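A look at the structure
Here are the chains, one letter per residue:
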Amino acid sequence: MKEKLDRLTENIDFALLFAVVFLCFYGLLVLFSSTRLTATAGSDPYFFVKRQSLLILSGFLFLTIIIFIDYHNLERVSKVIYFGAIVLLIMVIISGRSTYGARRWMVIGPFDFQPSEFAKIALIMFLADFLSKNKLKFDNFLYYLFPFIYTGLLMLLVFMQPDLGTSLVYLAILMIMLFVAGIKIKFLVFTILAGLSSVPVLWIFLKDYQKNRLILFLNPNLDPLGGGYNVIQSRIAIGSGGFLGNGIFRGLQSQLNFLPAQHTDFIFSVVGEELGFVGTILLLGLYAIILWRGIKIALEARDLLGSLLATGAVSFLFFHIVVNIGMAMGMLPATGLPLPFLSYGGSFMIANLMAIGILLNVELHKVKW
Amino acid sequence: MRESSTVPEDVKQRLNWLLIFIVICFLILAISLWYLQMIRGEEFKGRAVENCIRSLAEDAPRGRIYDRQEEILVTNRPVVVVSIIPAEVDDLEKLSERLSKIIGIYPEEISQIVKNYRENPFKPVKILDDCNTNMTVEIEERKDELKGVILEVKPRRNYLYHDFAVHSLGYVGEIDKEGLLQYGNQKLQGGDIIGKIGLEKYYDGILRGEKGGKEVEVDALGQEIATLLYQKPVPGKDLVLTIDKDLQLYGENLLFDKKGSIVVSDPNSGEILALVNRPSFNPNLFANGISSSDWQRLSSDTDYPLTNRSVQGLYSPGSIFKVVPAVAALEEGVTDRKRKIYCSGTFELAGRIFTCWKGIGHGSLSIIDAIANSCNVYFYTLGKDLGIERFSKYMQKFGLGEKTGIDLPEEAIGTIPSAQWKEREVKEIWFPGDTINLSIGQGYLLLTPLQVHHIITTIAAEGEVYKLHLVKKIISADGNTVEEIKPEIYKKINFSSDTFKIIKEGLRQTILKGTGWRVNIQELAVAGKTGTAQNPQGETHAWFIGFAPYEDPEICITVFLENGGEGGEAAAPIARAMLEKYFNIKN
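Under an unreviewed UniProt entry, the name given to chain B is Penicillin-binding protein 2, and the organism recorded is Candidatus Sediminicultor quintus.

Chain A has the name Peptidoglycan glycosyltransferase RodA in an unreviewed UniProt entry, where Candidatus Sediminicultor quintus is given as its organism. Per its UniProt entry, chain A bears the Pathway (unreviewed entry) comment "Cell wall biogenesis; peptidoglycan biosynthesis." Entered under Sequence similarities (unreviewed entry) in the UniProt record, the comment concerning chain A runs "Belongs to the SEDS family. MrdB/RodA subfamily."

Structural data, given as structure tokens:
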């Protein structure tokens, strides 16, 4: 153990860790600003901040555990993890707690637990194992279909909750990992074209609210008080921040509750309004550090498995960051994907830190002990 | 021990591509943020402020209206208005449905009203105007399931006696597009209440007061967080009318089933004591925003209840007009107290025969007898001798063809024929026969009852004519008198006192032994003149003008009955009843 700790302090990526810790505090500050006036549960202004702090701590616990288990053990358990995720997702559809007509949560003690978040980590692990073992077989187009089937099953289960956004995250993780694993570009191009051509068919399966979101993305002013409201208000909030922002706790849009879901999906708008361009660029910079270090870890990994694990973690965070910020600025449809390390939400926060755990693990085990 | 990495080269290459892709995405995000926050920052800042600052108007209570004894006639009552704030509604269809069950308006209609209103989603959209207590209670109780519905208490005009003096009082309503243009500089907005006709319109600036309001900071639910600015509304000022409520009511009852009007005024001040117009309507219908079926019914009624007959209606005056040529002839020396003219029952001019109303003729008459018996032939002769030029001059002196200047916005000026007028309007030259018709108040001549009233006032006041008016004083909301309306001389007409004396005698004789005998009240010396005017609309108009007491006139009266028959038979008894009422004479 002593040896491990020494290696840890010797090899750990402090830049990465610093960025993550900084982000967590940054997130708590913004979360406090956006919830202090409206916090529920006995109107304790620190209600959300306290809960989130607790979740960050437990996230770091998971992170620590993950760091110390050599990722090479994954070969033995990847299938178990994958099927575990499937079972949980089925359970949540059958017996989960429903909010806004969607069944996404399982109740465990005082916490609501969202299996679809952990399934992201499970998918990363499973695909890394599968792709690293079968890299050479992918020149065969039929074999290439397997990862799609595995991922598709998870996507289908999440889609049934229904949760379009999360199923798109699975798809993004898959596509990026396939790309990095060295899949022929023509296969990927073919897949993308096939996917696009199936959009009209998928359209039939979309729920009305999902269709509306896509329509409103194209023109939010169609319904300025309904579905388009969020995006319009969010743009106003971000834009009105200007260079330095209104100052923390002083955003008109956020403090007066014009921003819906401002502590979850639209927390970026609060950053934009209260901390301005300086605040948003700082945030982007911190994310850039994490992603850059993640790619670096993938490049320096000991083997393909480690490289793909790191790639999976990076792609997960990357997709969430771009889609969430793009959505807040009205550049991408409102898919309801939270912002890593900032959005309020326990399962997601823990999944973020588990992804960081994966990165640190790969980094730590780039040498054989 | 560090071993060399076994990560394949192609994977490393792909990872570098991924890094480039990530960098590009981040650059796009950063540039977008630059655009949104740095380039359009100011614009969005404005929109954010606009988002959360709201101006809320607070209506000023409109001034009340009292009669001359300061008995209240028009006031305001609080009504509960049901509105929806579009921005607060989650599911309009559901809300409409729930609200529909309480207020009884079709759900489709409710959602349509809200959808049609696209101005400011935080401004309440009125759904139901005057909701009753049961509805109010039910909406309060179900507040939770009616998110977005608000109840507002607003002052509503209340005409206590319904159609009482409605044509004078007028009514109020929401300002329309034209009104907004007209009052452009007065801070009025759509939905504001203004006077539409009558005194409500004429004195709108005084009655309306000044809207107050506040600027508040609101949250996304439109709930007020803080008041930034508050301006108290300035209540409108009250009007005290010259109208005597009892006399007016009495007159209205006299004309209950008739068409016509009664004007009663004080010749020594111009104060109007009663201004009766029938038929009438209920102005409260307008105060609530008149329904299209009510409007349809009122505006298509062939008895024209919306018309203020005494100031807008144009009628042939008939024989009551004879006073004018009589004055003209006396002043011009065409006739005098002694000149007698023989009435054979007919009068011939240029081959045309004009008849007197009395077929067998009146015989030889002086001007006093001619007035008393309303002899046409006497006045035909005066008309012929005067000629239209001199005749016109005296009509002008009487102020005919001008507004009386009453404080009502809708006054008509009438048709006063002259040679020039006929050439201009009828494109014909003036025939001597036209003058003959004019001299008995027929032909092209059309006057409003108020103008006719001016004639009798001129005689009663012997040329010192006060402006007719309906408002005695204006009182501020706190009760301090603000302005007393002083009697104002409208016109000083310098006819000789002899002329007035002769005319007055004629009018007195009319009552004592002539056509006006039905107004011969023992306790009261009345002077007057009857008129029966032929008109193209059918049955003759019945007229009576008069004043009393004869020696020192206190009031002047004009009675007009549209298609009411004979002046002496129909109009005179009504005048008598009014005079008895005013002078408190029991019969």
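**Quick word on the overall build of chain B**
If you tally the helices and strands in chain B, you get 21 helices and 23 strands. By the burial criterion, 44% of the 587 residues in chain B qualify as buried.

**Thoughts on the overall build of chain A**
Check the secondary structure of chain A and you find 15 helices and three strands. Sequence-distant contacts, at least 24 apart, represent 71% of the contacts inside chain A between residues at least 6 apart.

**Some words on helix 21 (residues 567-582) of chain B**
With 16 residues, helix 21 of chain B should reach 22 Å at 1.5 Å per residue; the first-to-last C-alpha distance of 21 Å fits that figure. Count one or two residues on from helix 21 of chain B and you reach B:Asn584, which has phi positive near 60 degrees.

**Concerning the environment of A:Lys50**
Along the polypeptide, A:Lys50 turns up in helix 3 (residues 47-68). On a C-alpha basis, the gap between A:Lys50 and A:Phe32 in space is 9.4 Å, while along the polypeptide they are 18 residues apart.

**Let's talk about the interface of chain A and chain B**
Taken together, the contacts link 45 residues of chain A with 42 residues of chain B. Of all the secondary structure elements, the ones that give two or more residues to the side of chain A that touches chain B are helix 7 (164-181), helix 11 (227-240), helix 12 (252-255), helix 13 (267-300) and helix 14 (304-328) of chain A. At twelve residues, the largest contribution of residues to the side of chain A that touches chain B is made by helix 13 of chain A. Here the side of chain A that touches chain B is composed, by residue class, of 28 nonpolar, twelve polar and five charged.

**Things to note about the packing of helix 6 (residues 141-159) of chain A against helix 7 of chain A**
All names here are of chain A. Across the interface, helix 6 lies against helix 7 with an axial gap of 8 Å and an inter-helix angle of 165 degrees. Judged by the inter-axis angle, helix 6 sits roughly antiparallel to helix 7. Crossing hand, helix 6 versus helix 7: right-handed. Contact residues: Pro 147, Thr 151, Leu 154, Met 155, Val 158 and Phe 159 in helix 6; Leu 164, Thr 166, Ser 167, Tyr 170, Leu 171, Leu 174 and Leu 178 in helix 7. Its residues placed into classes, the contact of helix 6 with helix 7 shows ten nonpolar, three polar and no charged.

**Overview of unusual backbone geometry**
All names here are of chain B. Cis peptide bonds are those with omega within 30 degrees of zero, and the linkage from Arg 278 to Pro 279 qualifies with -5 degrees. Positionally, Pro 279 belongs in the loop between strand 12 (272-278) and helix 11 (284-287). Omega for the peptide link from Ala 548 to Pro 549 comes to -15 degrees, which places this bond in the cis form. In the Ramachandran plot, Glu 70 falls in the positive-phi region, its phi being about 60 degrees despite a non-glycine side chain.

**Here we look at helix 19 (residues 449-460) of chain B**
Here helix 19 of chain B spans 16 Å end to end across twelve residues, near enough to the 16 Å set by a 1.5 Å rise per residue. B:Glu462, located one to two residues past helix 19 of chain B, shows a positive phi value of around 50 degrees.

**A look at the nonpolar core**
A:Ile124, A:Met177, A:Leu309, A:Ala310, A:Ala313, A:Ala355 and A:Leu359 are the most contacted members of the largest nonpolar core, which has 116 residues in total. Looking at which element gives the most residues to this core, the answer is helix 14 of chain A, with 17 residues. Apart from the residues lying within four places of it in its own chain, the contact partners of A:Ile124 are A:Ile173, A:Leu309, A:Gly312, A:Ala313, A:Phe316 and A:Ile358. Ranked by size, the runner-up nonpolar core spans 113 residues in total, among them B:Ile262, B:Leu400, B:Ala548 and B:Ile557.

**Looking at the sheet that holds strand 11 (residues 260-265) of chain B**
All names here are of chain B. The strand order across the open sheet built from five strands is 12-11-23-22-21, with neighbouring strands paired in antiparallel fashion. On the outer flanks of this sheet lie strand 12 and strand 21 (527-535), each paired with one strand and no other. Ignoring which end each strand starts from, the neighbouring axes of this sheet average 5 degrees apart. The pairing of strand 11 with strand 23 (residues 555-561) spans six bridges and is classified as antiparallel. Counterpart to Val 264 in the pairing with strand 23 is Ile 557.

**Thoughts on the packing of helix 5 (residues 115-134) of chain A against helix 7 of chain A**
All names here are of chain A. The contact between helix 5 and helix 7 brings their axes to 10 Å, and the two run at 20 degrees. It follows that helix 5 is roughly parallel to helix 7 by the angle criterion. The hand of the helix 5/helix 7 crossing is right-handed. Together, Ser 116, Lys 120, Leu 123, Ile 124, Leu 127 and Leu 131 of helix 5 and Thr 166, Val 169, Tyr 170, Ile 173, Leu 174, Met 177 and Ala 181 of helix 7 make up the contact between the two elements. A per-class count over the contact of helix 5 with helix 7 returns ten nonpolar, two polar and one charged.

**Focus on the confidence of the model for chain A**
Residue and element names in this part refer to chain A. Per-residue pLDDT for chain A has a mean of 84; in total, 86% of the residues score no lower than 70. Averaged pLDDT values over the elements of chain A bottom out at 62 in strand 1 (residues 97-99) and peak at 95 in helix 14. Residue range residues 222-227 is modelled with pLDDT below 50. Its contacts to residues more than four positions away, or to other chains, number twelve contacts.

**Some thoughts on the confidence of the model for chain B**
Interpreting fine coordinate detail is not advised for predicted regions of low pLDDT. The pLDDT averaged across chain B works out to 88; a share of 94% of its residues lies at or above 70. Overall fold confidence (pTM) sits at 0.62, and the ipTM for the predicted complex is 0.92.

**Thoughts on the environment of B:Pro305**
Residue and element names in this part refer to chain B. You can see Pro 305 is positioned in the loop between helix 12 (292-299) and helix 13 (309-312). When the 19 C-beta atoms within 10 Å are taken as the criterion, Pro 305 is described as partly exposed. C-alpha of Pro 305 to C-alpha of Phe 281: the two residues are 24 residues apart in sequence and 6.2 Å apart in space.

**Examining the environment of B:Glu410**
All names here are of chain B. With respect to the helices and strands, Glu 410 occurs in the loop between helix 16 (376-397) and helix 17 (419-425). Judged by the 15 C-beta atoms lying within 10 Å of it, Glu 410 is partly exposed. Put simply, Glu 410 and Asn 308 are 102 residues apart on the chain and 8.3 Å apart in space, counted from C-alpha to C-alpha. Setting aside residues no more than four positions away along its own chain, Glu 410 makes contact with Ile 197, Asn 308, Val 311 and Gln 312.

What counts and how
- Residues numbered from 1 in each chain as written.
- Chains lettered and ligands numbered in written order.
- Predicted model: local features only at pLDDT ≥ 70, side-chain atom pairs only at ≥ 80, totals over all residues.
- UniProt positions renumbered as here; feature names shortened; annotations may be inferred.
- Helix = DSSP H or I, 4+ residues; strand = E, 2+ residues; numbered from the N terminus.
- Buried ≥ 20, exposed ≤ 12 C-beta atoms within 10 Å, placed from the backbone.
- Contact = placed C-beta atoms within 7 Å.
- Expected span 1.5 Å × (residues − 1).
- Nonpolar A, V, L, I, M, F, W, Y, C, P; charged D, E, K, R; others polar.
- Axes fitted to C-alpha atoms, helices over the stretch in contact; angles between N-to-C directions.
- Parallel < 35°, antiparallel > 145°, perpendicular 65-115°, else oblique.
- Left-handed = near helix turned anticlockwise from the far one by under 90°.
- Core = buried A, V, L, I, M, F, W, Y, C linked by C-beta atoms within 7 Å.
- Pairing = 2+ DSSP bridges.
- pLDDT = per-residue confidence, 0-100.

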